[in-house]
Structure formats: C-alpha cells, structure tokens
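Each chain is listed here by its residues.
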Amino acid sequence: MIKIENFEVMGWEHVIRGMRNPMNSWNKSDSGICKGGEDGIGCEHCAVEIPCTHAYDHSWQLGKADHELMMKLAKAGSVHGKFRRMIAVYVDITAPLYWWKEFDTYKIGTVANSCSTMHKIHAKEFTLEDFSCEHLSCWGAAPRGNTDGDLMDEKVSDFMYDYMGALMATIVALNSAREQFLKRQDKRYWWQMI
C-alpha cells in the first residue's frame, strides 16, 4: 500500500530565473502574477489557455515563453533540463518499509521527516492495516486463502506455509507487548515492539 497526499509544488519563480541564467535571458521571461492584463503578465502571455480562465486572484502563472523554453530544455536531455531538479515538491507518503529502503537509495536533494517509531510505537493498537500484506499467501494442510499447490515443493509438502497466519500471530504478540509496556512502562516490552 502506497499513499501519496497533501502535495504542494513550489519555487517556480526561482526555477525560471535559474533556467534562464545560462543565456542571461531573464528579460524574456513572461511568467508572473496575473492581474487580468493590467500590470501583471496578462492573458496574452498565459501558458494555460487563451483566453485564460483562471480567476484574476493575483496568483502566479506560467508564461508561454517560459513554458516553451522548459519543454525545449526537457527534450534536450537531463543536462539541459536540470531546471527540473530545482522544483521543490512537498508530499506526504505512506508506504511500507521495503519501499522506503528503495526510496532512500535513489533520492536526491530530499529531506525526510518521518513519524517517530521510538516515541509513538505504543500509541495505538497494532492492526493488519499497519502492514503491507497484500502479497502474503497462506497454503498448506489447512489452507486459509491462496491454495496454489504448485508453489509448494513436493519434498516439503508436510510443512504448512501460512505467511498471513504468521503475520497475525506477530500482531497478537505486538499487542501483548504493547499492553505490558503501557501497564508497566518496562523498556523490555518496548524492545519487543521495536
């Protein structure tokens, strides 16, 4: 389960100034505050559409010339399209631990601010929704779900493979450790949850 929400993209004015630095073409920039054609960029420069339909609420708008330069540089490859690296994106991501480990490998110029496991692991009861388990299987002698017999090696068919059951047992154990920690404030139980 991966959930992305509460996103905001910022820094467009800085990105455009930086994008125009190599050719000193800042005077060709046509992005800015749209005030309906008064002293802002005006609808004739708006990259959105002509006639533009956004409210004249003094919001910042991307101009046509700046948009065209962005597209041209992006098509020229990552070296020329490096202005994209300057765009600041803020987002809340809820994802399983294995995903975060991969994210950590490939991130560039990011700051992660996570919820504190250390301080909040005991704050609520553990449930199945806390775990990424959509791919867990259970099969074997007493199947409860996936019964793909072909996934089981003939030589070990006497064993029961119940990965979902193992997770459920882990959740029970975690909640037991949580109850003991809340009752006794003994760090040994906290370590079991960690």
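So, how was this worked out
- Residues numbered from 1 in each chain as written.
- Predicted model: local features only at pLDDT ≥ 70, side-chain atom pairs only at ≥ 80, totals over all residues.
- Heavy atoms only, no water.
- Core = buried A, V, L, I, M, F, W, Y, C linked by side-chain atoms within 4.5 Å.
- Buried < 20%, exposed > 50% of the residue type's maximum accessible area, 1.4 Å probe, protein only.
- Helix = DSSP H or I, 4+ residues; strand = E, 2+ residues; numbered from the N terminus.
- Contact = heavy atoms within 4.5 Å.
- Axes fitted to C-alpha atoms, helices over the stretch in contact; angles between N-to-C directions.
- Left-handed = near helix turned anticlockwise from the far one by under 90°.
- Nonpolar A, V, L, I, M, F, W, Y, C, P; charged D, E, K, R; others polar.
- Arc of directions from axis to C-beta.

## Some thoughts on the nonpolar core
1) Next: Counting residues in each nonpolar core, the largest one holds 10 residues, listed as I121, F126, C133, L167, I171, L174, A177, F181, W190 and M193.
2) Next: Those elements giving two or more residues to this core turn out to be α5 (163–184) and α6 (187–193).
3) Next: Looking at which element gives the most residues to this core, the answer is α5, with five residues.
4) Next: Among residues more than four places away in sequence, those in contact with I121 are S116, F126, W190, M193 and I194.
5) Next: The next biggest cluster of nonpolar side chains, apart from the first, holds eight residues, and it includes M19, L62, L69 and M70.

## As for the packing of helix α1 (residues 12–20) against helix α2 (residues 64–75)
1) Next: Packing of α1 against α2 leaves a shortest axis separation of 11 Å and a crossing angle of 65 degrees. In this structure, α1 meets α2 at a crossing whose hand is left-handed. Touching W12, V15, I16, M19 and R20 of α1 are A65, D66, L69, M70 and L73, all from α2.
2) Next: The class makeup of the residues in the contact of α1 with α2 is eight nonpolar, no polar and two charged.

## Let's talk about the side chain of Q180
1) Next: When you line up the elements, Q180 lands in helix α5.
2) Next: Not counting chain neighbours up to four residues away, the residues in contact with Q180 comprise Q185 and Y189.

## Some words on α1
1) Next: Among the residues of α1, those classed as buried are V15, I16, M19 and R20. Summarising the axial view, the buried residues of α1 lie within an arc of 125 degrees, below the 170-degree limit, and thus occupy one face.
2) Next: Buried residues along α1 sit against β3 (60–61) and α2.

## Observations concerning unusual backbone geometry
1) Next: Although it is not a glycine, N6 sits at a positive phi angle of roughly 55 degrees.
2) Next: Note on placement: N6 falls in strand β1 (residues 3–10).
3) Next: Positioned with a positive phi, N24 is a non-glycine residue whose angle comes to about 50 degrees.
4) Next: Its place among the elements puts N24 in the loop between α1 and β2 (32–33).

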